[in-house]
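Read off the chains here:
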Amino acid sequence: VKLGRYRADRFDYGAEEQRGKKALVKTIAYYKEDSVQLEYILEKRDGTWRIVNYLVDEVDTIRNYQRQFKRIIEKESLAGLLARLQKKNEQYRQERRE
């Protein structure tokens, strides 16, 4: 089940684990009858907690993007990757307007 961050209609926040300047927040996102397990990894920087990674159904988002970006750069170039990201951003903005 794939839930977009802008489609989930509710969240249940579970356990929180904090170790120094790092924390993990376990969450379940719901959309209608579907649910997805999320784990947010946070770091405290300049006194503010920031999400630095998240796992969706145990899939590490940062590692996943790193592999995808590396393949696109090798196949197309850095300019190709940037063009794809700009297109995705524009699609996201359009969806938010609707």
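As a reminder, the structure under discussion sits directly above these lines.
Residues numbered from 1 in each chain as written. Predicted model: local features only at pLDDT ≥ 70, side-chain atom pairs only at ≥ 80, totals over all residues. Heavy atoms only, no water.

Participant: What should I look at first to understand the overall build of the protein in this one?
Facilitator: When its secondary structure is counted, the protein shows 2 helices and 5 strands. When its helices and strands are written in sequence order, the protein yields β-β-β-β-β-α-α. Considering only C-alpha atoms, the protein reaches an extent of 40 × 35 × 25 Å along its principal axes. The buried share of the protein, taken over its 98 residues, is 21%. Charged side chains in the protein number 23 positive and 17 negative. The centres of these two groups are separated by 6 Å. (Helix = DSSP H or I, 4+ residues; strand = E, 2+ residues; numbered from the N terminus. Buried < 20%, exposed > 50% of the residue type's maximum accessible area, 1.4 Å probe, protein only. Lys, Arg positive; Asp, Glu negative; His and termini not counted. Charge placed at Lys NZ, Arg CZ, Asp CG, Glu CD.)

Participant: Looking at this structure, how should I read the nonpolar core?
Facilitator: Where a protein is soluble and globular, its nonpolar side chains tend to be buried together. Ala8, Ala23, Val25, Ala29, Val36, Leu38, Tyr40 and Leu42 form the largest nonpolar core, which has 8 residues in total. If you list the elements that add at least two residues to this core, you get strand S2 (22-31) and strand S3 (34-45). (Core = buried A, V, L, I, M, F, W, Y, C linked by side-chain atoms within 4.5 Å.)

Participant: Hey, could you run me through the pairing of S2 in this one?
Facilitator: Looking along a regular strand, one sees side chains alternate from face to face of the sheet. Bridge count for strand S1 (residues 10-19) against S2 is 8 bridges, and the pairing is antiparallel. Across the sheet, the residue bridging to Arg19 is Lys22, located in S2. A loop of 2 residues connects S1 with S2, the two strands running antiparallel in sequence, and Gly20 in this loop sits at a positive phi of about 65 degrees. Pairing analysis gives 10 bridges linking S2 to S3, with the strands arranged antiparallel. From the neighbouring strand, Lys22 faces S3, where its bridge partner is Glu43. (Pairing = 2+ DSSP bridges.)

Participant: Explain the packing of helix H1 (residues 61-75) against helix H2 (residues 78-97) here, please?
Facilitator: Between two packed helices, both the angle of their axes relative to each other and the distance between the axes serve to describe the pair. For the pair H1 and H2, interaxial distance at closest approach is 7 Å and the crossing angle is 125 degrees. Relative to H2, the element H1 lies oblique. Where H1 approaches H2, its residues Phe69, Ile72 and Ile73 are matched on the opposing element by Leu78, Gly80, Leu81, Arg84 and Leu85. A class-by-class count of the residues in the contact of H1 with H2 yields 6 nonpolar, 1 polar and 1 charged. (Axes fitted to C-alpha atoms, helices over the stretch in contact; angles between N-to-C directions. Parallel < 35°, antiparallel > 145°, perpendicular 65-115°, else oblique. Contact = heavy atoms within 4.5 Å. Nonpolar A, V, L, I, M, F, W, Y, C, P; charged D, E, K, R; others polar.)

Keep in mind these numbers describe shape, not what the thing actually does.
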